[in-house]
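Each chain, written out:
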Amino acid sequence: MTRSATMLTVAGIAVGSLVAYAVYFDYKRRTDSTFRRRLRMLVFFRVSTRLSDWDLGKEKKRAEKSQTPSEASASTGGVDPTELISALEKIRNEQVPTDHDERHQYFMTQVSMGETMSMQGSTFYMPAALCFYRAIRVYPSPLELIMVYEKSLSPPVFQLVMQLVNLDVSSSPSSEGYYNYFPRKNMNVAIQNVDVSQVAGKQSTGATLRKKFVVCTKDFKPGEVIYKEEAIATALDADLKGKGTHCSHCLRLIDGDTAVRPDSDRFNSVYCSKDCHSKTMTYSQGILFTLEPPLPEQLIPEAANFSKEERDCAQAAFAEYIQKSGKSAPELMARVIARQVSIETAQMIPSTGHSPLANADVVLTDGGDYTFNDHLERLRYLDVAASEEGGKLFKTVLQLAIPGLEHLATEERLSVYLGTMTYNAFGVCFEGGRDDKPTPTARPEDVEKTRTPYGTQKQVGAGFYFLSSYLTHSCDPSARPSFNGSSELHLIATRALKAGDQVTIAYVDVTQHDDESVQDCRRRRRMELARGWAFACTCSQCASEAGPDDDADSEPKDESKVSDVVSRLEGV
């Protein structure tokens, strides 16, 4: 009897094949709310990690370093990785049924063929995996079907399927028409692709690079608010932590007499209101920096054996690491991951309307079934090596909070998250910024930069925002970020804008200082851009101010990137 048949017999369903299991699974998914909640937890804590771990590009790099060609082939059931790519290209050219009944029949046929071939030995593992992959292409919930495969397929076949999935995630509904739904229409902007000419020296190479830009969807007058956006995560500057002067959630300047002070807090945080304290506890603090149970009782894994003493030591060590680093990116990274867990948790349990988890999610689209990760993985990032010490400490914090969650903290994943925060974080400045931030002692190239037209030295903290991450730099910007006393970002038009006009901001202070010439100002801002975001500005102002001795060949090209999957899928 197959494993799937055994599982379903226990459930009281007389079936003997993966086809019947898939039918039963789909029925349960649609009709049983408890089943769906448990499934969401499994998908989040197991499948998303499995997808990351089986990334073919990373596996191939490891194989090139430590395996012979025969060993690399053996690790995939005798299939050379290049054969997977070739097979996938053929599948991409196949016509997929569009009629509902035809898609259903196609799905059943492919799963049945795959199951038959997978039982005929290792020679048939590859064709079996291709059949199972074809079934994924037409199944309405691909990740959920992967859960079926994980429970039912032999490990070699499942491994091949996972590698195919990672080579081309375009079979997932979340990859189709994303920018038709994001951002929401009430944000008054849209995301468009623009082909940018590539330059070598001062001459065009004739090649183009497709990049994404923010454009207005309506007209704006100078000084008008284009949109407002709440931060996904914030981090107060290191020198302000524990001072009791700013809210640790919204970064608002607060009166010490009205501050909310938790009984226990790793950073001696204070909050401007009970609402801010409740939000930060729900979004990230409950997992990262408190000893309270991180999940509702009904969701705590059976394997969890929380040790308050161990959690206390791990959290204290990680908090000390963040404080000593003096940078916001590591804390933003940790809080974004914790926020992701919080959102998934909220979707696993029935909302009572009284639980803070009811407000954990963030609505970023007008329709479409998109996850937090769907938004995150589309952002540009820099290649940043995550600290080995910080990674280990963070991994321990996650493991002691929810066993299994530590698998989110792989070296590759933390590096990408850290690079995403480094490239996209905004500096939160109030009324032109402050003048009392300690002078950095690190080398100029190692000093952390955030997007702010006032300069990072003026900020009180940093924030991460999904939509605003798409805003590109110009030394003659058409808009500016403004913060009206809290971390909520207000995007203000700096000149008249028409529908369809590109919206840009200044990542750095672009004003010409009293002691600077035009050339000095241009050189300073371009140096800051190169150090903080690893690109040479190509805006019209930089081009018009270029002197005869300025050599573009000596300046860094744009080193930011998107994931290989997004690049292949969206042509960026």
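Position labels on residues start from 1 in each chain and follow its written sequence. Side-chain atom pairs in this predicted model are given and counted only at pLDDT of 80 or more, local residue features only at pLDDT of at least 70, and totals for whole chains, interfaces and linings cover all residues. Hydrogens and waters are ignored; side-chain quantities use all the structure's heavy atoms.

Here we take up the confidence of the model for the protein chain. For the protein chain, mean pLDDT is 80; residues scoring 70 or higher make up 74% of the total. Low pLDDT, under 50, characterises residues 19-25; the predicted model gives this stretch 22 contacts beyond four residues in sequence or across chains. Note: pLDDT gives the predictor's confidence per residue, expressed from 0 to 100. Two residues form a contact once any of their heavy atoms are found within 4.5 Å. In the predicted structure, residues 352-357 sits below a pLDDT of 50 and forms eight contacts with residues beyond four places in sequence or in another chain.

Quick look at the sheet that holds strand E3 (residues 225-229) now. Strand order in this open sheet of three strands is E3-E9-E8, and the pairing throughout is antiparallel. Across the chains shown, the open sheet's two edge strands, defined by having one partner strand only, are E3 and strand E8 (479-483). Neighbour-to-neighbour, the strand axes of this sheet turn through a mean angle of 25°, independent of strand direction. We call two strands paired when DSSP finds no fewer than two bridges between them. What counts as a helix is a DSSP run of H or I of at least four residues, what counts as a strand is a run of E of at least two, and both are numbered from the N terminus. Bridging between E8 and strand E9 (residues 489-493) involves five bridges; their strand directions are antiparallel. For Ser-482, the partnering residue across the bridge sits in E9 and is His-490. Axis definition: a line fitted to C-alpha atoms, over the contacting stretch in the case of helices. Angles run 0 to 180 degrees between N-to-C directions.

On to unusual backbone geometry. Among all residues save glycine, negative phi is the norm, and among peptide bonds the norm is trans. With an omega of -5°, the peptide bond running from Phe-182 to Pro-183 counts as cis. Relative to the assigned elements, Pro-183 resides in the loop between helix H11 (178-181) and strand E1 (189-200). Phi is positive for Leu-251, close to 70°, though the residue is something other than glycine. Turning to its location among the elements, Leu-251 is positioned in the loop between strand E4 (233-236) and helix H12 (274-288).

Moving on, we get to helix H13 (residues 308-325). Its 18 residues place the ends of H13 26 Å apart at the C-alpha level, agreeing with the 26 Å of an ideal helix rising 1.5 Å per residue. Those residues of H13 lying buried are Arg-311, Ala-314, Gln-315, Phe-318, Ala-319, Tyr-321 and Ile-322. Mapping the buried residues of H13 onto a view down its axis gives an arc of 155°, with all of them on the same face. Facing away from the buried side of H13, by more than 90 degrees, are the exposed residues Glu-309 and Lys-324. Two residues or fewer past H13, Gly-326 is found with a positive phi of approximately 70°. Expected span of a helix: the number of residues minus one, times 1.5 Å. Classification of residues uses two cut-offs on accessible area relative to the type maximum, computed with a 1.4 Å probe and protein chains only: under 20% is buried, over 50% is exposed, and between them is partly exposed. The reported arc concerns the directions from the helix axis to the C-beta atoms and nothing else.

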